[in-house]
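Understanding the architecture of this molecule
So the chains spell out like this:
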Amino acid sequence: MRIISGKYKGRRINPPRNLPVRPTTDMSKEALFNVLNNHFNFSELKILDLFSGTGNISYEFASRGATPIVCVDGDFGCIKFIKQTATEFDFDITAIKSDVFSFLEKHKASYDIIFADPPYGMEQKDFEKLILKVFENELLDEEGMLIVEHSKHTQLNHLEHFSFDRNYGGSVFSFYELGTEEVDESEES
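Here's a quick rundown of the structure. (Residues numbered from 1 in each chain as written. Predicted model: local features only at pLDDT ≥ 70, side-chain atom pairs only at ≥ 80, totals over all residues. Heavy atoms only, no water.)

**Remarks on the overall build of the protein**
Of the regular secondary structure elements, the protein holds 6 helices and 7 strands. Overall, the protein shows an N-to-C arrangement of helices and strands of α-β-α-β-α-β-α-β-α-β-β-β-α. At 16 Å, the protein has a C-alpha radius of gyration in line with the 16 Å of a compact globule built from 189 residues. With the C-alpha coordinates of the protein rotated into their principal frame, the extents come out at 60 × 35 × 35 Å. The long-range fraction of contacts in the protein, counting pairs at least 24 apart against all pairs at least 6 apart in sequence, stands at 66%. Looking at the protein as shown, the accessible area adds up to about 9900 Å², and 45% of this sits on carbon and sulfur atoms. Computed over 20 positive and 32 negative side-chain charges, the separation of the two mean positions in the protein equals 13 Å. (Helix = DSSP H or I, 4+ residues; strand = E, 2+ residues; numbered from the N terminus. Rg over C-alpha atoms; globule rule 2.2 N^0.38 Å. Contact = heavy atoms within 4.5 Å. Areas by Shrake-Rupley, 256 points an atom, 1.4 Å probe, with all protein chains shown as cover. Lys, Arg positive; Asp, Glu negative; His and termini not counted. Charge placed at Lys NZ, Arg CZ, Asp CG, Glu CD.)

**Examining the pattern of salt bridges**
Note on pairing: side chains with opposite charge can pair once their charged atoms come close. Tallied over the entire structure, the rule returns 8 salt bridges. A salt bridge links glutamate 88 to arginine 11, with the nearest nitrogen and oxygen atoms 3.9 Å apart. Within this pair, whereas glutamate 88 is found in helix α3 (residues 76-89), its partner arginine 11 is found in the segment before α1 (26-37), the two being separated by 77 residues in sequence. Owing to a relative accessible area of 38%, arginine 11 belongs among the partly exposed residues under this scheme. In this structure, lysine 125 and glutamate 123 form a salt bridge, with 4.0 Å as the shortest nitrogen-oxygen distance. (Salt bridge = Lys/Arg side-chain N within 4 Å of Asp/Glu carboxyl O. Buried < 20%, exposed > 50% of the residue type's maximum accessible area, 1.4 Å probe, protein only.)

**Quick look at the packing of α1 against helix α2 (residues 56-63)**
One way to put it is that α1 packs onto α2 with a least axis distance of 12 Å and a crossing angle of 45 degrees. As summarised for this structure, α1 and α2 are arranged oblique, according to the angle between their axes. For the element pair α1 and α2, the recorded crossing hand is right-handed. Contacts between α1 and α2 pair Lys29, Leu32, Phe33 and Leu36 from the former with Asn56, Ile57, Glu60 and Phe61 from the latter. Looking at the contact of α1 with α2 residue by residue, the class counts come to 5 nonpolar, 1 polar and 2 charged. (Axes fitted to C-alpha atoms, helices over the stretch in contact; angles between N-to-C directions. Parallel < 35°, antiparallel > 145°, perpendicular 65-115°, else oblique. Left-handed = near helix turned anticlockwise from the far one by under 90°. Nonpolar A, V, L, I, M, F, W, Y, C, P; charged D, E, K, R; others polar.)

**Regarding the pairing of strand β6 (residues 162-168)**
Pairing analysis gives 6 bridges linking β6 to strand β7 (residues 171-176), with the strands arranged antiparallel. Residue pairing across strands places asparagine 167 opposite valine 172, the latter belonging to β7. The loop that links β6 with its antiparallel partner β7 comprises 2 residues; one of these, glycine 169, has a positive phi angle of about 65 degrees. (Pairing = 2+ DSSP bridges.)

**So, the sheet that holds strand β1 (residues 47-50)**
The strands that make up a sheet pair up through hydrogen bonds in the backbone, lying either parallel or antiparallel. The strand order across the open sheet formed by 7 strands is β3-β2-β1-β4-β5-β7-β6, and the pairing between neighbours is mixed. For this open sheet the edge positions go to β3 (93-97) and β6, each flanked by a neighbour on one side alone. Averaged over all pairs of adjacent strands, the angle between their axes in this sheet comes to 15 degrees, without regard to strand direction. Note: strand β5 (residues 140-151) against β7, 6 bridges, orientation antiparallel. Its bridge partner being in β7, isoleucine 147 is matched across the sheet by phenylalanine 175. α1 rests against β4 (111-116), β5, β6 and β7 of the sheet, and its axis sits at about 145 degrees to β6. Each of β1, β2 (69-73), β3 and β4 touches α2; the most contacted strand, β2, lies at about 175 degrees to it.

**Here we look at the environment of phenylalanine 40**
For phenylalanine 40, the location among the structural elements is in the loop between α1 and β1. Sequence separation of phenylalanine 40 and serine 5 is 35 residues, and the distance between their C-alpha atoms is 15 Å. Among all residues touching phenylalanine 40, those that are not within four sequence positions of it are Leu45, Asp112, Ile113, Glu143, Gly144 and Met145.

**Focus: the side chain of arginine 64**
Within the secondary structure, arginine 64 sits in the loop between α2 and β2. Relative accessible area serves as the criterion here: at 16%, arginine 64 is assigned to the buried category. Within the structure, the side chain of arginine 64 is placed 3.4 Å from the side chain of asparagine 37, a separation counted as a polar contact. Beyond its immediate sequence surroundings of up to four residues, arginine 64 is in contact with Ile4, Ser5, Gly6, Phe33, Asn37, Phe42 and Ser43. (Polar contact = N/O pair within 3.5 Å; in protein donor to acceptor, adjacent residues only side chain to side chain.)

Following this line, the structure appears as structure tokens:
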């Protein structure tokens, strides 16, 4: 696993082999950030990384200047590794060990980008619940974006706030935005 761009471009990160993760491939990660480059200047973006695993996506955001970053994962080993890596690279990353759904229920801050990479085997209703909770609890800033990584067998393009998706092999990134309200031109005069 490597950081593909930013201050730490090319640096390798070697997580322990025993972590229960499926890291986003470098190819998919590069494609994702190519899309995001067209929407955001990463400097000082607030990032929430759900089901963060090794922290792979968070390191990419941090290398590009995003700060602060919050990682949430239910596995102690993953959280420990993220904390070690954040310290080593001096990244502004807070790692929280929590069930993601419990975290979403209680958390009150809002973010510019929320990235979620749940286990591909998670049930369809739980993917939908995840997306619903982000918007219901107003965790996304007005101009923000939610990105959910999932398998091509999970369909999420029917949900409210869906904007677009991108397919990379067996992986799909679905993008969600609050959108802007259309102004009635007759009201402007």
